[in-house]
Amino acid sequence: AQTVTQSQPEMSVQEAETVTLSCTYDTSENNYYLFWYKQPPSRQMILVIRQEAYKQQNATENRFSVNFQKAAKSFSLKISDSQLGDTAMYFCAFIPFGNEKLTFGTGTRLTIIP
Amino acid sequence: GAVVSQHPSWVICKSGTSVKIECRSLDFQATTMFWYRQFPKQSLMLMATSNEGSKATYEQGVEKDKFLINHASLTLSTLTVTSAHPEDSSFYICSARDPGGGPKQYFGPGTRLTVT
């Protein structure tokens, strides 16, 4: 069974600063996908970024980037130039190739301070 | 982009009654949908996988007779909470699998259920 661990229940940073959210996972699979989802106060789940395990290059989406370390089974999210709208719960999620079920981490509550 | 809707967005019901939550894929066909439950300040817990035209697959510990799932068409899955009790109060979220067959899931906005 796969597990996803987010060791930071809460974080807060000043607006415009950079913040990194950590995520580790445990799996015996070699091919899989990793995701970061954002859940703002509206509770709508929003996909932030996605990484395929077979790709060595770290995924980036504008201000969001990941540091994917496959050997260490680590998948951290870096948010640059943080904005007030980044305030949300962030969930790391994992899914093996050929599987349908997402496994979510416990989440990190991020607050951006004006 | 693919959009998933849920109805109602919130519902209050009395203990012992049943309530139905709808999940619709608005601009694509979804052969597979998922139902999650989320307690306050907690993560999403997968309840069941809903496949069009067949019985849902429930996760361990989820009572299939209490949480009835029907996926009668390629755009609609329903979750019925039968004989609801206060402990069933929660936030229920559905998602639909990427119609292109990829791993991505598109999430609905969720339904807040309060049982009094």
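Shown above is the structure to which this text applies.
What counts, and at which threshold
Residues numbered from 1 in each chain as written. Chains lettered and ligands numbered in written order. Predicted model: local features only at pLDDT ≥ 70, side-chain atom pairs only at ≥ 80, totals over all residues. Heavy atoms only, no water. Helix = DSSP H or I, 4+ residues; strand = E, 2+ residues; numbered from the N terminus. Contact = heavy atoms within 4.5 Å. Pairing = 2+ DSSP bridges. Axes fitted to C-alpha atoms, helices over the stretch in contact; angles between N-to-C directions. Buried < 20%, exposed > 50% of the residue type's maximum accessible area, 1.4 Å probe, protein only.

Caption draft 1: Summary view of the environment of A:A88. All names here are of chain A. Of note, A88 is situated in strand β10 (residues 88-96). Sequence-wise, A88 and K55 are 33 residues apart; in three dimensions their C-alpha atoms are separated by 28 Å. Not counting residues within four places of it along the chain, the set of residues in contact with A88 comprises K38, Q39, P40, T108, R109 and L110.

Caption draft 2: View of the sheet that holds strand β1 (residues 4-7) of chain B. Residue and element names in this part refer to chain B. Overall, antiparallel pairing links the four strands, which are arranged β1-β3-β8-β7 in an open sheet. In the strand order of this sheet, the two ends are held by β1 and β7 (67-73), each with one partner. Ignoring strand direction, the axes of neighbouring strands in this sheet form an average angle of 15 degrees. Bridge count for β1 against strand β3 (residues 19-25) is four bridges, and the pairing is antiparallel.

Caption draft 3: Focus on unusual backbone geometry. A cis amide bond links B:H7 to the next residue, B:P8, at an omega of 0 degrees. One can find B:P8 in the loop between β1 and β2 (10-13). One non-glycine residue, A:N62, lies in positive phi territory at about 55 degrees. Position of A:N62 among the secondary structure elements: in the loop between β7 (60-61) and β8 (64-69). Residue A:N62 is classed as exposed on the basis of its relative accessible area of 80%. In this model, A:D81 sits at a positive phi of 50 degrees, which is unusual for a non-glycine residue. With respect to the helices and strands, A:D81 occurs in the loop between β9 (74-79) and β10.

Caption draft 4: Structural view of the pairing of strand β9 (residues 90-97) of chain B. Residue and element names in this part refer to chain B. For β9, the tally of buried residues reaches seven of eight residues, placing the bulk of the element in the interior. One ladder, built from six bridges, connects strand β4 (residues 32-38) with β9; its direction is antiparallel. When the bridges of β9 are listed, R37 appears paired with Y92. Pairing between β9 and strand β10 (residues 105-107): three bridges, direction antiparallel. Within β10, the residue paired with R97 across the bridge is Q105.

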